[in-house]
Amino acid sequence: MSSKGRRCKEQGRVTFPQQQQEEEDGGEEEEQQRRRRGWRGVNGGLEPSQQQQQQRAVKTQREPYGYYPPLPLVSSTMPIEGSPSLRRMTMMREKGRRQAVRGPAFMFNNRGTSLTAEEERFLDAAEYGNIPVVRKMLEESETLNVNCVDYMGQNALQLAVGNEHLEVTELLLKKENLARIGDALLLAISKGYIRIVEAILNHPGFAANKRLTLSPCEQELQDDDFYSYDEDGTRFSPDITPIILAAHCQKYEVVHMLLMKGARIERPHDYFCKCNDCTEKQKHDSFSHSRSRINAYKGLASPAYLSLSSEDPVLTALELSNELAKLANIEKEFKNDYRKLSMQCKDFVVGVLDLCRDSEEVEAILNGDLDAEPVETQRHRASLSRVKLAIKYEVKKFVAHPNCQQQLLTIWYENLSGLREQTIAIKCLVVLVVALGLPLLAIGYWIAPCSRLGKILRSPFMKFVAHAASFIIFLGLLVFNASDRFEGITTLPNVTVTDYPKQIFRVKTTQFAWTEMLIMVWVLARDKWLPSDPQIISEGLYAIAVVLSFSRIAYILPANESFGPLQISLGRTVKDIFKFMVLFIMVFFAFMIGMFILYSYYLGAKVNSAFTTVEESFKTLFWSIFGLSEVTSVVLKYDHKFIENIGYVLYGIYNVTMVVVLLNMLIAMINSSYQEIEDDSDVEWKFARSKLWLSYFDDGKTLPPPFSLVPSPKSFFYFIMRIISFSKCRRRRLQKDTEIGMSNSKSRLNLVTQSNSRVFESHSFNSILNQPTRYQQIMKRLIKRYVLKAQVDKENDEVNEGELKEIKQDISSLRYELLEDKSQATEELAILIHKLSEKLNPNMSRCE
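Owing to the predicted nature of the structure, the values given are computational and were not obtained by experimental measurement.

Calculation criteria
- Residues numbered from 1 in each chain as written.
- Predicted model: local features only at pLDDT ≥ 70, side-chain atom pairs only at ≥ 80, totals over all residues.
- Heavy atoms only, no water.
- Helix = DSSP H or I, 4+ residues; strand = E, 2+ residues; numbered from the N terminus.
- Buried < 20%, exposed > 50% of the residue type's maximum accessible area, 1.4 Å probe, protein only.
- Contact = heavy atoms within 4.5 Å.
- Areas by Shrake-Rupley, 256 points an atom, 1.4 Å probe, with all protein chains shown as cover.
- Axes fitted to C-alpha atoms, helices over the stretch in contact; angles between N-to-C directions.
- Parallel < 35°, antiparallel > 145°, perpendicular 65-115°, else oblique.
- Left-handed = near helix turned anticlockwise from the far one by under 90°.
- Nonpolar A, V, L, I, M, F, W, Y, C, P; charged D, E, K, R; others polar.
- Core = buried A, V, L, I, M, F, W, Y, C linked by side-chain atoms within 4.5 Å.
- Salt bridge = Lys/Arg side-chain N within 4 Å of Asp/Glu carboxyl O.
- Phe/Tyr/Trp six-rings, centres within 6.5 Å; stacked < 30°, edge-to-face > 60°.
- Lys NZ or Arg CZ within 6 Å of the ring centre and 35° of its normal.
- Patch = residues over 30% accessible without salt bridge, like charges linked within 9 Å, V, L, I, M, F, W, Y side chains within 5 Å.
- pLDDT = per-residue confidence, 0-100.
- Expected span 1.5 Å × (residues − 1).
- Polar contact = N/O pair within 3.5 Å; in protein donor to acceptor, adjacent residues only side chain to side chain.

**Some details on the overall build of the protein**
On a plain count of helices and strands, the protein comes out with 36 helices and 2 strands. Taken over 848 residues, the protein has a buried fraction of 38%. Long-range pairs, those at least 24 residues apart, make up 71% of the contacts in the protein with a sequence separation of at least 6. Surface accessibility of the protein: about 50,900 Å² in total, with carbon and sulfur atoms responsible for 59%.

Below you can see the structure in the form of structure tokens.
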């Protein structure tokens, strides 16, 4: 509800004894004011007559602190009744009053504290920006209660802030013992009045930083009314601090001012935290505790707070997005809220990356602060720590962004500058040459790993080609291993021919002696083997391994733009099938046991053996999904029609449920997953391709198997270097331990001097750290661009209604100032006329 509707409530007024006419008409005036202040607009009262309006306007002109200043007591300047000037002034006053009668007054019909006429005029002047009246009442009135409130519980400061009257707000802030300053600050932040926020923050009440860090509910224990929430809590939640509200409203200037004043958003504790504070809040009001956590996370995930409060906004946003995604899975009741905040953090990271203008800025975002990493990690190519983190947290738009993909593509063709611009035919020829000459390339790399050939083989593209060629050769060997059985085998699976054994273990052999044949008949006859024989089990597992080996081809499919989205859709479909299997198994198991119980007593008394055992029940129901079972599976040889009819009904319900309902549901799920991938296929493919690329960016794994089984000279060298570095680190630890023991045995004087020297060293080290690194400079530059872009976008998105309202308020304030100037000029003119008339009267008498 608008604050301008505050006069809809019935309030009593006191009269001044010096105004005899108003005392005589007190009851009638009160009734007229009550009707004019809103009761007529709600309860169906009649409009006052024109004569009453003129009398009220005349009385308003006589009031010392009314809307209009007193007119001079000169008959020539006093507007007569019915004159156009009086009618115009009456219409202007009624127009201002009519703005205050809107709103459902019946919701606030409880009688509150009565306001005096002086307090009502004071609240009116503060609301409409009447600067002269507010200034005059603050300076001259001794009985004025500055903290008086209207029926909505708003004092003059809140009314002035809500209507963006900066001058009135500054006048009120100079007053001592002013209440609800914190509420006024929150109101100014929510409306985006930057100058008013700055004026309020300069108030002495905000000298202590605790005013900005504690929430209103935490400051209720103090003996002041800095925050004076009513019991209804009509405007803001009690756990909202100024900086949280500024972050929610995306007010970058306000967030910056509050951060400079020391305000921070405290990160909520872990969801499973068992500290005393969390336990007490959870027991007192679990819903309020959860809402306060969400409000805090909304402030932390705000782009305004992320960009201005963190030294590394990209890392902070990535970690916060992952934390919010985990909370979405934990707090199911607020799942959508946490997911939106997680996406907001991810969009912030993408927005910062989108503002990069050169390769240095892109590398800074993708690699992070390289100055903070050890020197050993910087010997080779960039670490891409932020990209790995984005892949781990599934920030797909960040990884698939053109700036990121361009940088990854440059690393992918490292040491192969000319191959990137070649056609697909040339690239396929290179792949074929690498596959055929892989043994020779491996030998050359063993001999000279640091040569030009070694650098080429260490490039990610060549490593991928070598590993893919090795895997394809491995699959070819699997096919070649079974090539001798392509035409089939004449012997039965469990029989071995002994007269002239050509196939033992399904491998062609030569003729054996009769003693060897006896041994082989005894040992190798497959019909004598047990079902659990290790050879039989190994053959079954080998068949499964061959299938899985061929399915691993999907690992290299994301490298291609055409097959990559299909492979992603296939993976998503498999996940949907596993989810569907839970419901499928539940329905299938219920009908399987039910049909078995129904026909278990009719073994041998059925047309076929379906449903007579658990195994037969499973087979019949499973193959009926694909239409391979017969209706006669439920027919009995006996004349038990009831059992037979129950079997028909259950079998029919099973087929309808499984085939018509569940299978179509599975098809719909698969179609939905495929459509999601297809709608965002470019992002999904680039994300999957980036994961494949990053597996080849790290050092090592240059040679594929089986060549990697043979250790190279480089591996021996690295192994020796690691042993030496480990021994050096151990010696340093021993030296530190001895130094600590010797320092403990020294005197207190030496300890004091040593502590002083350490303090001096720490200060010097901090002074070095205070110098911004190259990464910090780049991030500062990018954040400036982001903030400016956000402000421009917000200005373009804002509706002109707010600007028109601001212009109307400025015009209203200017009107009061012009009226004040006019009244002063009129008073001066009246005084001059009066003096002139006094001088002329004696002269006229003398002449007579």
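**Let's talk about helix α8 (residues 166–173)**
Where burial is concerned, most of α8 is hidden: 6 out of the 8 residues are buried. Within α8 the residues assigned to the buried category are Leu166, Val168, Thr169, Leu171, Leu172 and Leu173. In this fold, the buried residues of α8 make contact with α5 (117–128), α6 (131–140), α7 (156–162) and α10 (194–201).

**So, the packing of helix α20 (residues 385–392) against helix α32 (residues 681–697)**
At a minimum axis separation of 11 Å, α20 and α32 run at an interaxial angle of 125°. It follows that α20 is oblique to α32 by the angle criterion. Of the two possible hands of crossing, α20 and α32 adopt the one that is left-handed. Residues Val387, Lys388, Ala390 and Ile391 of α20 form the contact with α32, whose participating residues are Phe687, Ser690, Lys691 and Leu694. Classifying every residue of the contact of α20 with α32 gives 5 nonpolar, 1 polar and 2 charged.

**Focus: the nonpolar core**
Counting 129 residues, the largest nonpolar core has Phe122, Leu172, Ile200, Leu258, Leu324, Ile365 and Phe398 as the members making the most contacts within it. Once residues within four sequence positions are removed from consideration, Ile200 is found in contact with Val161, Thr169, Leu173, Ile181, Ala184, Leu185, Ala188 and Phe206. Core analysis: the next-biggest nonpolar cluster, separate from the first, contains 23 residues, Tyr602, Ala610, Met658 and Leu662 among them.

**A short note on the packing of α6 against α8**
Packing of α6 against α8 brings their axes to within 10 Å, and their N-to-C directions diverge by 5°. With respect to their mutual orientation, α6 and α8 come out roughly parallel. Contacts between α6 and α8 involve Ile131, Val134, Arg135 and Leu138 on the former and, on the latter, Glu167, Val168, Leu171 and Leu172. Class assignment for the residues of the contact of α6 with α8 results in 6 nonpolar, no polar and 2 charged.

**Comments concerning the pattern of salt bridges**
Per the counting criterion, the structure on display carries 15 salt bridges. The partner of Lys641 in a salt bridge is Glu644, with the nearest N and O atoms 3.9 Å apart. Of the two residues, Lys641 and Glu644 both sit in helix α31 (residues 641–679), 3 residues apart, roughly one turn of that helix. Given the relative accessible area of 9%, Glu644 is considered buried. Asp682 serves as the salt-bridge partner of Lys686, at 3.3 Å between the closest nitrogen and oxygen. Here Asp682 and Lys686 lie together in helix α32, a separation of 4 residues that amounts to about one turn. Residue class for Asp682 comes out partly exposed when judged on its relative accessible area of 39%.

**A word on the environment of Phe122**
Note that Phe122 resides in helix α5. C-alpha of Phe122 to C-alpha of Arg135: the two residues are 13 residues apart in sequence and 10.0 Å apart in space. The residues touching Phe122, leaving out its near neighbours within four places in the chain, are Val134, Met137, Leu138, Leu144, Val146, Cys148, Ala156 and Leu172.

**Some points on the side chain of Glu331**
If you trace the backbone, Glu331 turns up in the loop between α17 (313–330) and α18 (335–354). Here Glu331 falls in the buried class, since its relative accessible area comes to 1%. Leaving out residues up to four positions away in the same chain, Glu331 has contacts with Tyr271, Ser290, Arg293 and Tyr338.

**What about the packing of aromatic side chains?**
Considering all chains together, one arrives at 23 aromatic pairs under this definition. Note on Phe622 and Trp623: the rings are 5.1 Å apart at their centroids and 80° apart in plane angle, and the pair reads as edge-to-face. Overall, the relative accessible area of 42% leaves Trp623 in the partly exposed class. Members of the aromatic cluster, connected to one another through ring pairs, are Phe580, Phe584, Phe588, Phe591, Phe618, Phe622, Trp623, Phe626 and Tyr654. Just above the ring of Trp685 sits the side chain of Arg689; from NZ or CZ to the centre is 4.4 Å.

**Observations concerning a nonpolar patch on the surface**
Residues Leu583, Met586, Val656, Val659, Val660, Val661 and Met665 make up a contiguous nonpolar surface patch of roughly 560 Å² in combined accessible area. Elements represented by at least two residues in the nonpolar patch include exactly α29 (563–599) and α31. The element that contributes the greatest number of residues to the nonpolar patch is α31, accounting for 5 residues.

**As for the confidence of the model for the protein**
Averaged over every residue, the pLDDT of the protein is 76; the share at 70 or more is 71%. Here residues 1–112 scores under 50 on pLDDT; set against residues more than four positions off or in separate chains, the count is 176 contacts. Confidence drops under a pLDDT of 50 for residues 743–769, and excluding neighbours within four residues, the segment shows 3 contacts in the predicted structure.

**A few points about α5**
If you check α5, its first and last C-alpha atoms are 16 Å apart, about what 12 residues at 1.5 Å a residue would give, namely 16 Å. Those residues of α5 not exposed but buried are Ala117, Glu118, Glu119, Glu120, Arg121, Phe122, Leu123, Asp124, Ala125, Ala126, Glu127 and Tyr128. Following α5 by one or two positions, Gly129 has its phi on the positive side, about 75°.

**Some remarks on unusual backbone geometry**
Cis geometry is found at the peptide bond from Pro705 to Pro706, where omega equals 5°. Note that Pro706 resides in the loop between α32 and α33 (713–744). The phi angle at Leu384 is positive, at roughly 55°, despite the residue not being glycine. Positionally, Leu384 belongs in the loop between α19 (359–367) and α20.

**Some points on the environment of Ile456**
Its place among the elements puts Ile456 in helix α25 (residues 452–457). Considering only alpha carbons, one finds Ile456 and Glu414, 42 residues apart in sequence, at a separation of 8.1 Å. Setting aside chain neighbours within four positions, we find Ile456 in contact with Asn415, Leu416 and Met462.

**What about the side chain of Thr612?**
Structurally, Thr612 can be placed in the loop between α29 and α30 (614–624). Engagement of the side chain of Thr612 in a polar contact is seen with the backbone oxygen of Ser609, the distance being 2.7 Å. Aside from chain neighbours lying at most four places away, what touches Thr612 is Phe596, Tyr599, Ser600, Tyr602, Leu603 and Lys606.

**Overview of the environment of Ile447**
Structurally, the position occupied by Ile447 is in helix α24 (residues 438–447). A residue is classified by how much of its surface remains accessible, and Ile447, at 67% relative accessible area, is exposed. When the C-alpha atoms of Ile447 and Pro713 are compared, they prove to be 7.7 Å apart, with 266 residues separating the residues in sequence.

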